[in-house]
Amino acid sequence: MAAVDPDHVAQHYNAVPEKGVAERVKSRIFYLRNFNNWTKSMLIGEFLQKLEHNGIRHATVLDLCCGKGGDLLKWKIGRIERLVCADIAEVSLAQCEDRYREMLDRAKQERRQNDLFTAEFISADCSKKRLREAYEQKDIRFDLCSCQFSLHYSFASEQQARRMLQNACESLKPGGYFIGTLPDAARIFHCIKNAPADSAGKYANSVCSVEYEDKEGLSRGEQPPLFGAAFHFTLDEVVNCPEFLVHFPLLEKLLEEWNMELVYKMRFPEAFDKFLKDSKEGRGLLGRMQALEPYPAEEEEDVTPMGDKSEYKTAEYNLS
Ligand code: SAM
């Protein structure tokens, strides 16, 4: 089990500069970021709609590990009523709050402030602190908890993963949803395991790299541990903090303890097909968000085939 330093995670995210639109357009991963953002929009839209079908027109939402507030506009479009944002990185959280205040000022100028959700912001290590103790309204109940691209940080240890899932689920209303996006552990492990001998334990393509920490274990053919399976990730040459593989069947099992049942899980390519099929607006939004990169014909296709999906197993679940 790896001991992750939570300050390291906070420092990393606090130090990521807020880039302007012009900078972002120049980025090598401009389209990839937009595509990820589109996927989040579709997912959030889908579950707000499900709630609406169940009679909840204006949802109460927990944005767990909200970052700089990249999803605030989605909550506005979804006409939610109340938002609680929590993150370990104070600087990111402050940027999230600033963005919300700007939205509120604009809404006031347009005399539409009653249309905008109310919000609160909690700075906390959500894999350690029990959020319920920090809410302004102690008995608040959420219709939706959204944890985007973040849950895997808590899989450093069983205790941390359990606390994060407790925060996600314990204040959900019956019939509420927990939605999220996270790295595909099976895919990552496949790429790592099949890396060429001269870069054992490390996979890289033209935009990202993943390096498994326990190379010795890998060389002995050991399966990743349930918790603390650390890997290092870089994207567009930015080195990220250590992240952890999340074995999905384990996540499902832990969530069952909170009486949660799986609605669906999908890899992004499948989700792309589903969202385009299910939603009339999805295709238009894809264009407006510039979420598809014109195919770089001169470049080699850089896709490692998935191969045998069963190769990523972990030790049997011996959860305490
Ligand atoms: N959810 C946001 C989004 O989709 O734009 C941010 C995603 S960013 C990749 C990961 C976020 O998780 C960072 O803001 C980081 O500070 C936060 N995070 C990581 N570990 C955390 C923890 N233990 N408690 C709270 N936030 C955490």
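In case you missed it, the structure is sitting above this.
Residues numbered from 1 in each chain as written. Predicted model: local features only at pLDDT ≥ 70, side-chain atom pairs only at ≥ 80, totals over all residues. Heavy atoms only, no water.

**Looking at unusual backbone geometry**
Backbone geometry places R111, a non-glycine residue, at a positive phi of 50°. Overall, the relative accessible area of 76% leaves R111 in the exposed class. (Buried < 20%, exposed > 50% of the residue type's maximum accessible area, 1.4 Å probe, protein only.)

**Side note on the site of the ligand**
With respect to spatial proximity, 18 residues lie near the ligand, and among them K40, C65, D87, D125 and C126 are the closest. Within the side chain of D125, a nitrogen or oxygen atom sits 2.8 Å from a nitrogen atom of the ligand. The contact in question runs from a nitrogen atom of the ligand to an N or O atom on the backbone of C126, over 2.9 Å. Contact with the protein chains hides 89% of the accessible area of the ligand, taken as 590 Å² for the molecule alone. Split by residue class, the shell around the ligand holds eleven nonpolar, four polar and three charged. (Near = heavy atom within 4 Å. Polar contact = N/O pair within 3.5 Å; in protein donor to acceptor, adjacent residues only side chain to side chain. Areas by Shrake-Rupley, 256 points an atom, 1.4 Å probe, with all protein chains shown as cover. Nonpolar A, V, L, I, M, F, W, Y, C, P; charged D, E, K, R; others polar.)

**Quick notes on the state of the cysteines**
According to the stated counting rule, one finds zero disulfides in the structure shown. Its sulfur unpaired, C66 is 4.1 Å from the next cysteine sulfur, which belongs to C96. The class of C66 is buried, set by a relative accessible area of 8%. Take C147: it sits in no disulfide, and the sulfur closest to it among the cysteines is that of C65, at 4.4 Å. (Disulfide = S-S within 2.5 Å.)

**Some points on the sheet that holds strand β2 (residues 82-87)**
Through backbone hydrogen bonds, the strands of a sheet pair up, either in parallel or in antiparallel fashion. Pairing is parallel across the open sheet formed by five strands, whose spatial order is β3-β2-β1-β4-β5. Each of the sheet's edge strands pairs with one partner strand only, and the pair in question is β3 (118-123) and β5 (172-181). Shown here is a sheet whose adjacent strand axes are inclined to one another by a mean of 15°, direction ignored. Pairing of strand β1 (residues 60-64) with strand β4 (residues 142-148) involves three bridges; the strand directions are parallel. For V61, the partnering residue across the bridge sits in β4 and is L144. Across the sheet, helix α3 (residues 30-53) lies against β4 and β5, angled at about 170° from β5, the strand it touches most. Across the sheet, helix α5 (residues 90-109) lies against β2 and β3, angled at about 170° from β3, the strand it touches most. (Pairing = 2+ DSSP bridges. Helix = DSSP H or I, 4+ residues; strand = E, 2+ residues; numbered from the N terminus. Axes fitted to C-alpha atoms, helices over the stretch in contact; angles between N-to-C directions. Contact = heavy atoms within 4.5 Å.)

**Some points on the packing of aromatic side chains**
Throughout the structure, instances matching the rule amount to 15 aromatic pairs. On the basis of an interplanar angle of 85° and a centroid distance of 5.9 Å, the ring pair of Y13 and Y153 is categorised as edge-to-face. On the criterion of sequence distance, the pair formed by Y13 in helix α1 (residues 6-15) and Y153 in the loop between β4 and α6 (158-169) is long-range, its members being 140 residues apart. Residue classification places Y13 among the partly exposed positions, given a relative accessible area of 27%. Of the residues examined, Y153 reaches a relative accessible area of 11% and is grouped as buried. Geometrically, the ring pair formed by W38 and F275 is edge-to-face, given 6.1 Å between the ring centres and 75° between the ring planes. Residue W38 is found in helix α3, and its partner F275 is found in helix α10 (residues 268-278); the two are separated by 237 residues along the sequence. F275 shares its class with W38; the two are buried. One aromatic cluster is present, built from ring pairs that chain together F35, W38, F149, F268, F272 and F275. Above the plane of the ring of F47 lies K50, whose end atom (NZ or CZ) is 5.3 Å from the centre. (Phe/Tyr/Trp six-rings, centres within 6.5 Å; stacked < 30°, edge-to-face > 60°. Lys NZ or Arg CZ within 6 Å of the ring centre and 35° of its normal.)

**Brief notes about the pairing of β1**
Of all five residues that make up β1, five are buried, and the element is covered over most of its length. Alternating positions in β1 separate into two faces, T60, L62 and L64 on one and V61 and D63 on the other, with burial throughout. Summarising the sheet, β1 and β2 pair through five bridges and their orientation is parallel. In the sheet register, D63 faces β2, and the bridge partner there is C85. For the crossover from β1 across helix α4 (residues 72-77) to β2, the handedness is right-handed. (Right-handed = clockwise from strand over helix to strand, strands pointing away.)

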